[in-house]
There are 2 protein chains.
Amino acid sequence: MSHPHPELGPPPPLPEGALRIVALGGLGEIGRNMAVFEFDGRLLVVDCGVLFPEAEQPGIDLILPDFDYIRDRLDDIEAVILTHGHEDHIGAVPYLLRERRNIPVVGSKLTLALLEAKLTEHRIQPVKVEVAEEQRRAFGPFDCEFLAVNHSIPDALAVAVRTPAGIVLHTGDFRMDQLPSDGRLTDLGGFARLGREGVDLLMSDSTNAEVPGFVTSEREIGPVIDEVVRTSSKRVIVASFASHIHRVQQVIDAAERHGRKVALIGRSMVRNMGVARDLGYLRIPPGLIVDSKEIEGWPPDEVVLICTGSQGEPMAALSRMANRDHPIRVAEGDTVLLASSLVPGNETAVTRVINGLTRWGARVVHKGNAKVHVSGHAAAGELLYVLNLTRPSNFMPVHGEWRHLRAHAKLAALTGVPDDHIVIAEDGVVVDLVDGRARITGAVQAGYVYVDGTSVGDVTEFALKDRRILGEEGFISVVIVVDSNTGKVTAGPEIHARGSGIDPDRFDEVLPQVEKALQENAADGVVDIQQIRRVVRRTVGSWVSNTYRRRPMIIPVVVEV
Amino acid sequence: MSHPHPELGPPPPLPEGALRIVALGGLGEIGRNMAVFEFDGRLLVVDCGVLFPEAEQPGIDLILPDFDYIRDRLDDIEAVILTHGHEDHIGAVPYLLRERRNIPVVGSKLTLALLEAKLTEHRIQPVKVEVAEEQRRAFGPFDCEFLAVNHSIPDALAVAVRTPAGIVLHTGDFRMDQLPSDGRLTDLGGFARLGREGVDLLMSDSTNAEVPGFVTSEREIGPVIDEVVRTSSKRVIVASFASHIHRVQQVIDAAERHGRKVALIGRSMVRNMGVARDLGYLRIPPGLIVDSKEIEGWPPDEVVLICTGSQGEPMAALSRMANRDHPIRVAEGDTVLLASSLVPGNETAVTRVINGLTRWGARVVHKGNAKVHVSGHAAAGELLYVLNLTRPSNFMPVHGEWRHLRAHAKLAALTGVPDDHIVIAEDGVVVDLVDGRARITGAVQAGYVYVDGTSVGDVTEFALKDRRILGEEGFISVVIVVDSNTGKVTAGPEIHARGSGIDPDRFDEVLPQVEKALQENAADGVVDIQQIRRVVRRTVGSWVSNTYRRRPMIIPVVVEV
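Quick caveat: nothing in here was measured; it's all calculated off a predicted structure.

Novice: Got a minute to help me understand the side chain of B:Thr171 in this structure?
Specialist: Residues and elements named next belong to chain B. For Thr 171, the position within the fold is in the loop between strand E11 (166-170) and helix H5 (188-197). When its relative accessible area of 0% is taken as the criterion, Thr 171 is described as buried. Here the side chain of Thr 171 touches Asp 205 through a polar contact of 3.1 Å, landing on its backbone nitrogen. Setting aside anything within four residues of it in sequence, one finds Thr 171 in contact with Val 149, Leu 157, Ala 158, Leu 202, Met 203, Ser 204 and Asp 205.

Following this line, the structure appears as structure tokens:
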């Protein structure tokens, strides 16, 4: 197994008849999935998603793939293929279309509808190409065949990309639920047919490659939800992902069976379920839905609320209920059901919500104490089926952190893919398929692009580093007014500090030290603002460090009059 | 079940013959355990621990219980009883002893030795009272009986406190390992004897009250560790808590069996294992330990390294190895064993370490993929035994978040404790045992006290709020120099920003707006610095909000010359 080395340089020119694949996201992380295929000077993009920030990216709303690699070649893009409608696969499309509006976006009916609803907020009207499983369609030199896959959102697709360089099968996200509620199975027959034809490279979802065995059927969640609704004496509040249409369907079915009305809470929940209902992916019995504003007055034992916030998002309805900062007042006897996974990184926030709700007397049912969630990704035992059916000449695990990619690579090796035909690449690593053999040939820029408020890319790693220091230690700013003619200090030093946790009175101790240092510095009569800044930073910095063993940001501000 | 309400006021005077219990930590949180008992004007403290900060407490090193409730009554304290040597039970003792040095500290041999090693760093020589299981000893009106309990550190104790108000059994932290490697069982016989005598109030460890069933024996970890060491072809690196003497013993035993030398890495690991060895709690074969500086040169298949950092602490050796920022260069074929629990809140940090180590080719064995950890706390099935054996008249779950306290309360109710004899209290809630009945009677101050660097309590919630804003959004400071006689602006406005993620050139847009607003403001000729500040804050604030949809901290600095 080869893996990238820091010393990877720019890739060589792509040989004629060869296919190049560069993931700009999704390799070495869970999220912002995006792969760029290149053949004969033309490009095909598969997925274009966002990554959600962690504590190390304070204040950031979203993280995008870096489009730098394709920015000068936007006109070479034949199409963007979207495997399904999750944010980590479609969320960055608006930002790509901002750079070139008429890139054709290709996807299934539901995927395109969810994308379109999102693009409306960005005031973009996309060029859509609707496809479905068992269809085949060429985009420039890329002859694409679409195959059904089962996932935690309906209407997901895998794509086989044929070029003269060979067949590449990209699974997208998938699971192998053998009893799916909508009957739509992952098309293993199609995978087998491709395997017989000869898959030159398999790119397969690694998210659950570390999880042994098999994922339970989504169908098994139904009875658990039903039991929760049936045995609840007061309100039932269900939190789920706003895209999990199958899960919401099960909640709606249970509510109907037990004579409860349903209110949908949260903008994305209302929007997505509207889309799903209109397209026939969600069945809502007439009269079942009650407006969320009216639901407060309804008897508690006659309602089910479905909301977002299952990941502990502080502004979502659920967190606000836990803090008693929401019109719905959770009380003794209410039941809250977190019918979702716990996305890594959100553990603390979710724990806080569970404790808050418990404090007010609610019973909280979650994946830690009941079978209320199944994963949307195939586990190790299932991934082996895909490897055995497609019998790929080369294998490249995608969609996962390092641990997942390595685990998936091991599974491939167990099924007989030779070690040196397994390519573990990170974001930005260039993989060329030449003469039937996939190899790493270089690397391109593929860093994080941060969305903060309305701006994209303005917030840099430098700014984040400043934020981390400010967030941990606060700052001390020292203002000094200097006469630009004489070099004399005419006002200040004045100290302003925030977040430093130092009693402002204590600054009286350091001010004389600063004054003294400035006097010594001014002895030669030359005004050197850089030098004044250095003296201030050093004097105040050592004082704080010696007195408090802390390192706040020290900001000398020298104003000339 | 009663539970506290926000409207709780100060408690009434304690009736004669009654016992008062106030937890200053550990109720509603996992950590900083501390309970204050009061009888006849005298006080007894049980445990005095720290809580480790989360992301919401940026820059904070430790969180202490608030001693405010006892600060005026330090001389009334008869003793501090320490149930065992973990940080969340002894970590705040140095800070309490700073307020009164000669408070007797009571504990088992190992507990006192670990405390003493810690106090040396604070240059405090404690007044020690060593006790052991099956001993009985009075501290003022508090007649204390000590009972052995098994936990993830040796020599842990429960304590039964007898006063004329009745018998209170405080379990401390415990588990029920029935095959402990040191043969020291939780003294259920003693619990039963107390039950026959009549336990008026049981205070019992709730940490695992939500976990069904039973905790596996520590003994079962041994073979797994052995197998990991036996099958590793290169280096074995084991990360564990620096206090987990039994676990370290198992690693040392495995290393010895397979002919490997051992190096201990990390200050607390070296210190605690030194204490444990000197007192006979850790058996180290002669010649087995190699100095950590020498271990680099040793053949990889002949060494085991034992280090801290199992929680992903960024400065610990393990994180630095994952980042290739440590003399030990983790390489293909090395095995890293995280032989510890994953403390909630540390998931992201630990995931980062696992991915980093995996990236360099190490096999990482952790509780997610092998049986390499068992909990130190009794699970629900075991807690029922304690409730059934002690048959308490009143029950108060301790050591846990709300979810754990409620779950434990339910277990108590199932064993027959009447609902209205179960008291769920939070930190600061006053529980009085009067005439054999425990009731909530009020609440006292019990907030967080932050340790940051060398200072205790200087960092307030205000400062933390500032840090959170600065960390999320950065700041923009606007400096203006004003002539104090004329009120005219003589220099500035000048803008200095950090962490805002705004291109400095863009500030040219807002500067004229600030100047204009200042001119309009100065039209009446009166110098009002507060008013200038308001104008600046409003002008710059709206500009940022409208242009970027962000809310950095805006800091107007007006200097008069």
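That covers the picture; the talk isn't over yet.
Novice: Got a minute to help me understand the domain arrangement of chain A in this structure?
Specialist: Bring the parts together and some accessible area is lost; that lost area is often taken as the interface size. All names here are of chain A. The domains assigned to chain A are domain 1 (19-213 + 375-452), domain 2 (219-365) and domain 3 (461-560). Taking only C-alpha atoms, the centre of domain 1 and the centre of domain 3 are 51 Å apart. Facing eight residues of domain 1, the contacting portion of domain 3 comprises four residues. Three residues, Glu 56, Pro 58 and Tyr 450, lead the burial of domain 1 against domain 3; their summed loss comes to 72% of the area buried on that side.

Novice: Help me out: how do you make sense of the interface of chain B and chain A in this one?
Specialist: Every contact between the two is made by 60 residues of chain B and, on the other side, 60 residues of chain A. Both sides together, the interface formed by chain B and chain A hides about 5,300 Å², and carbon and sulfur atoms give 53% of it. Counting the surface chain B buries against chain A, the share from its top three residues, B:Arg359, B:Arg403 and B:Arg498, is 12%. Linking chain B with chain A are 28 residue pairs in polar contact (both at pLDDT 80 or more), by the criterion used here. When contributions to the side of chain B that touches chain A are tallied by element, the ones reaching two or more residues are helix H10 (347-359), helix H12 (402-414), helix H13 (461-473), strand E23 (475-482), strand E24 (489-498), helix H15 (529-548) and strand E25 (553-560) of chain B. Element by element, the count of residues in the side of chain B that touches chain A is highest for H10(B), at eight residues. Among the residues forming the side of chain B that touches chain A, the class breakdown is 18 nonpolar, 20 polar and 22 charged.

Novice: Looking at this structure, I do not really get the pattern of salt bridges. What am I missing?
Specialist: A side chain of one charge can pair with a side chain of the opposite charge when the charged atoms of the two come close. All names here are of chain A. On inspection of all chains with the given rule, the structure shows 70 salt bridges over all chains. Of the charged contacts, one joins Glu 218 and Arg 247 as a salt bridge, the two residues approaching to 2.6 Å between their closest N and O atoms. Of this pair, Glu 218 sits in the loop between strand E12 (201-205) and helix H6 (221-230) while Arg 247 is found in helix H7 (residues 245-257), placing the two residues 29 residues apart along the sequence. Each member of the pair Glu 218 and Arg 247 is classed as buried. Among the ionic pairs, Glu 227 bridges to Arg 230, the shortest N-O distance being 3.1 Å. A residue pair is termed a helical-turn pair when its members lie 3 or 4 positions apart in one helix, as Glu 227 and Arg 230 do in helix H6 at three residues. For Arg 230, a relative accessible area of 49% gives the class partly exposed.

Novice: Explain the environment of A:Arg235 here, please?
Specialist: Residue and element names in this part refer to chain A. Relative to the helices and strands, Arg 235 is located in the loop between H6 and strand E13 (236-239). Classification of Arg 235 as buried rests on a relative accessible area of 12%. Those residues in contact with Arg 235 that lie beyond four places of it in its chain are Arg 260, Pro 300, Val 303, Leu 305, Ile 328, Arg 329, Val 330, Asp 334 and Thr 335. At a separation of 2.6 Å, a polar atom in the side chain of Arg 235 contacts the main-chain carbonyl oxygen of Arg 329.

Novice: Got a minute to help me understand the packing of aromatic side chains in this structure?
Specialist: We describe a pair of aromatic rings using the distance from one ring centre to the other and the angle between the two ring planes. Applying the stated rule across the entire model yields nine aromatic pairs over all chains. Seen from their ring centres, A:Phe475 and B:Phe475 are 4.2 Å apart, and the 15 degrees between their planes marks the pair as stacked. Of the two residues, A:Phe475 sits in strand E23 (residues 475-482) while B:Phe475 sits in strand E23, which places them in two different chains. Relative accessible area serves as the criterion here: at 1%, B:Phe475 is assigned to the buried category. Relative to A:Tyr548, the ring of A:Trp543 lies with its centre 5.9 Å away and its plane at 80 degrees, an arrangement referred to as edge-to-face.

Novice: What should I look at first to understand the sheet that holds strand E22 (residues 455-456) of chain A in this one?
Specialist: In a beta sheet, neighbouring strands are held together by backbone hydrogen bonds and run either parallel or antiparallel to one another. One open sheet accounts for three strands, arranged E4-E21-E22 (chain A); its pairing is antiparallel. One side of each edge strand has no neighbouring strand; the edge strands of this open sheet are strand E4 (62-64) and E22 of chain A.

Novice: Could you clarify how one ought to interpret the confidence of the model for chain A in this entry?
Specialist: Per-residue confidence for chain A gives a mean pLDDT of 93; residues scoring 70 or more make up 98%. Our summary of model confidence lists the complex with pTM equal to 0.88 and ipTM equal to 0.83.

Novice: Explain the environment of A:Thr335 to me, please; I cannot follow it from the model alone.
Specialist: All names here are of chain A. Mapping Thr 335 onto the fold places it in strand E16 (residues 335-338). For Thr 335, a relative accessible area of 1% puts it in the buried group. Sequence-wise, Thr 335 and Thr 231 are 104 residues apart; in three dimensions their C-alpha atoms are separated by 9.5 Å. Not counting residues within four places of it along the chain, the set of residues in contact with Thr 335 comprises Val 228, Ser 232, Arg 235, Val 236, Ile 237, Arg 363 and Val 365. A distance of 3.5 Å separates polar atoms of two side chains, one belonging to Thr 335 and the other to Arg 363.

Novice: What is the right way to look at the pairing of strand E11 (residues 166-170) of chain A in this model?
Specialist: Each regular strand displays side chains that alternate between the two surfaces of the sheet. All names here are of chain A. Extensive coverage of E11 is indicated by the burial of five of its five residues. Alternating residues of E11 divide into Gly 166, Val 168 and His 170 and Ile 167 and Leu 169, and every residue in both groups is buried. Alignment of strand E10 (residues 156-163) against E11, held across five bridges, turns out to be antiparallel. Counted as the bridge partner of Val 159 is His 170 from E11.

Reading the values: the criteria
- Residues numbered from 1 in each chain as written.
- Chains lettered and ligands numbered in written order.
- Predicted model: local features only at pLDDT ≥ 70, side-chain atom pairs only at ≥ 80, totals over all residues.
- Heavy atoms only, no water.
- Helix = DSSP H or I, 4+ residues; strand = E, 2+ residues; numbered from the N terminus.
- Buried < 20%, exposed > 50% of the residue type's maximum accessible area, 1.4 Å probe, protein only.
- Polar contact = N/O pair within 3.5 Å; in protein donor to acceptor, adjacent residues only side chain to side chain.
- Contact = heavy atoms within 4.5 Å.
- Domains from an automatic or database assignment.
- Buried area = accessible area lost by both parts, 1.4 Å probe.
- Nonpolar A, V, L, I, M, F, W, Y, C, P; charged D, E, K, R; others polar.
- Salt bridge = Lys/Arg side-chain N within 4 Å of Asp/Glu carboxyl O.
- Phe/Tyr/Trp six-rings, centres within 6.5 Å; stacked < 30°, edge-to-face > 60°.
- Pairing = 2+ DSSP bridges.
- pLDDT = per-residue confidence, 0-100.

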